[in-house]
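Residues per chain, in single letters:
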Amino acid sequence: MTLSPARVPATGVRRLTTTLYGYAFLDDFVLLYPVYALLFADTGLSLWQISSLFALWSITGVVLEVPSGAWADAVSRRRLLWIGPLLTAAGFALWVAVPSYGAFAVGFILWGAGGALGSGALEALVYDELDRLGGAGRYARTMGRARAARLLGTVASIGLAGPVFARGGYAAVGAASFLACVLTAVTATRFPEHRVRAKAAGGTWATTLRTGLAQVRGDRSVRGALLLVPAVAAVWGALDEYTPLLVRDIGVAEATVPYLIMLVWVGVTLGSLLAGPAERLGTGGLAVLLAGAALALAVGAASRSLAGIALVSLAFAGFQLAEVLADVRLQHRIDESRRATLTSVASLGTELATVATFGVYALLGTDAPHGTVFAVLAFPYLVTALVLARARAATARP
């Protein structure tokens with residue numbers, strides 16, 4: 001049977017979004033998430049050692065982020081999307097097989113490399129496939145739902161982590177995480193990809209990188225959108241790694257920690273689902289969103305209570321929504337041939353700011369409780385909100 005022209009795009013969008021949501025869910029269906037900080041602590045690592053592992057993870061992304069984005073623009077984005085999860089799977093296997101500082105470090109390098117391969121490539125593939133089908137205007141809603149699917153994977157893994165850990169310990173949650181990564185790689189092979197690759201047109205990844213950076217230097221709107229991504233994503237992304245320690249600090253039993261982490265991520269998931277309608281917020285609305293989330297984070301973390309954890313969940317939901325909106329702004333301002341490259345440049349900024357946050361956290365956390373450190377690190381979001389508000393005011397002037 002021949003499909004009508006009106007139906008072909010719908011079929012193409014359905015295949016793309018179904019694959020995307022499945023990929024996103026499986027990519028974060030990692031039962032190690034709520035317990036790996038505890039694994040490090042139980043192995044005997046100090047807070048400085050744990051923070052150094054997180055920093056190594058980010059440094060790996062810093063080194064590989066932009067070259068991998070340029071590579072994705074020069075070759076196949078889909079190929080990078082299935083290679084990445086396999087590297088992460090190898091890292092998780094190493095963690096539970098030989099738990100030690102060295103094994104954790106190698107595992108984070110593999111995880112960082114896997115994440116760098118997918119960062120930029122996924123957003124670019126989805127945007128360009130939607131654009132090919134005449135659906136670029138659906139990007140915010142689609143990526144919001146993809147973030148929600150990713151967060152549902154996180155919530156589901158957190159919910160299962162408790163009983164699986166109780167029955168099989170770190171080995172069991174590690175094996176489940178390994179399997180999820182393999183399934184993510186298999187799902188990635190189903191992504192459609194119709195883009196004419198830069199390599200086929202005679203370009204190289206180095207050429208793609210140079211032209212991408214030239215666009216950043218020459219276009220103020222692109223530069224502003226690119227800088228907004230790390231300003232929104234970095235701090236709360238780093239704080240996420242310490243959330244289990246924040247939760248345990250309020251005095252709950254370790255078996256309860258995964259369930260409270262799940263509460264946090266339920267809120268974040270709901271925030272992602274608001275991305276489509278929230279695209280109409282504008283610069284002023286985004287400033288208000290960031291300021292409100294910052295205040296919720298500071299008050300909630302400082303209270304060191306169950307109600308405070310609910311406020312942290314609300315704050316993370318706001319930051320997640322703002323992160324999606326920042327990505328949408330960037331994608332609308334860059335063209336297809338440099339999309340993965342510039343998305344990766346934004347991710348590089350996020351990784352650099354994340355490494356700095358890990359260092360600040362370790363420094364402050366030496367003498368202060370986790371709740372106090374979380375509250376202090378809400379301040380950068382108030383600064384970002386102020387910058388956005390001033391930019392909005394400047395634009396509104398005659």
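Preceding this section is the structure that the text describes.
Notes on the structure in this doc start here. Each chain has its residues counted from 1, following the order in which its sequence is written. Since the coordinates come from a predicted model, pLDDT governs what is reported: local features require at least 70, and pairs of side-chain atoms require 80 or more to be given and counted, while whole-chain, interface and lining totals use all residues. Values reported for side chains reflect all heavy atoms of the structure, with hydrogen atoms and water molecules removed beforehand.

**Concerning the packing of aromatic side chains**
Okay, so step 1: Only Phe, Tyr and Trp rings take part, Trp by its six-membered ring, and two of them pair if their centres are within 6.5 Å. Stacked means planes under 30 degrees apart, edge-to-face means over 60, and tilted covers everything else. Tallied over the entire structure, the rule returns 30 aromatic pairs.
Okay, so step 2: Centre to centre, the rings of Phe40 and Trp95 are 5.4 Å apart; their planes meet at 80 degrees, and the pair counts as edge-to-face. Here the residue Phe40 occupies a position in helix H2 (residues 36–42), and Trp95 occupies one in helix H4 (residues 77–97), the gap between them amounting to 55 residues. Only runs of H or I of at least four residues qualify as helices and only runs of E of at least two qualify as strands under DSSP, and these elements are numbered from the N terminus.

**Let's talk about a nonpolar patch on the surface**
Okay, so step 1: What goes into a patch is any residue over 30% in relative accessible area without a salt bridge, connected to like charges within 9 Å or, for nonpolar side chains (Val, Leu, Ile, Met, Phe, Trp, Tyr), within 5 Å. For the accessible areas, the method is Shrake-Rupley and the probe is 1.4 Å, while residue cover comes only from the protein chains on display. Salt-bridge detection follows one rule: a side-chain nitrogen of Lys or Arg within 4 Å of a carboxyl oxygen of Asp or Glu. A cluster of nonpolar side chains, namely Leu295, Phe379, Leu382, Val383 and Val387, defines an oily patch on the protein surface of about 450 Å² accessible area.
Okay, so step 2: Residue contributions to the nonpolar patch peak at four residues, all from helix H16 (residues 379–396).
Okay, so step 3: In this structure, Leu295 sits in helix H12 (residues 282–303).

**Quick look at the environment of Arg248**
Okay, so step 1: Within the secondary structure, Arg248 is located in helix H9 (residues 220–248).
Okay, so step 2: Residue exposure (1.4 Å probe, protein chains only): buried if accessible area is under 20% of the type maximum, exposed if over 50%, otherwise partly exposed. Arg248 sits in the partly exposed class, given a relative accessible area of 26%.
Okay, so step 3: Note on contacts: a residue pair is in contact if any heavy atoms of the two residues lie within 4.5 Å. Once residues within four sequence positions are removed from consideration, Arg248 is found in contact with Leu38, Glu254 and Val257.

**Points about the packing of helix H10 (residues 257–273) against helix H13 (residues 306–333)**
Okay, so step 1: Note on definitions: angles span 0 to 180 degrees between N-to-C directions of axes, and those axes are lines fitted to C-alpha atoms, for helices only across the stretch in contact. With their axes 7 Å apart at the nearest point, H10 and H13 run at an angle of 35 degrees to one another. Note that H10 runs across H13; the crossing there is right-handed. From H10, Leu260, Leu263, Val264, Gly267, Val268, Gly271 and Ser272 reach across to H13, where they touch Leu306, Ile309, Ser313, Phe316, Ala317, Gln320 and Leu321.
Okay, so step 2: Note that Gly is not counted as nonpolar here; it falls among the polar residues with everything else outside the nonpolar set of Ala, Val, Leu, Ile, Met, Phe, Trp, Tyr, Cys and Pro and the charged set of Asp, Glu, Lys and Arg. Looking at side-chain class alone, the contact of H10 with H13 contains nine nonpolar, five polar and no charged residues. By the definition used in this description, the sense in which the near helix is turned from the far one sets the handedness, with an anticlockwise turn below a right angle giving left-handed and a clockwise turn giving right-handed.

**Digging into helix H6 (residues 121–132)**
Okay, so step 1: Multiplying one less than the number of residues by 1.5 Å gives the expected span of a helix. Over its 12 residues, H6 extends 16 Å from the first C-alpha to the last, a length consistent with the 16 Å expected when each residue adds 1.5 Å.
Okay, so step 2: Within H6, 10 of the 12 residues are buried, which leaves the element mostly enclosed by the surrounding structure.
Okay, so step 3: Here H6 has its buried residues at Ala121, Leu122, Glu123, Ala124, Leu125, Val126, Tyr127, Asp128, Glu129 and Leu130.
Okay, so step 4: Following H6 by one or two positions, Gly134 adopts a phi angle in the positive range, close to 75 degrees.

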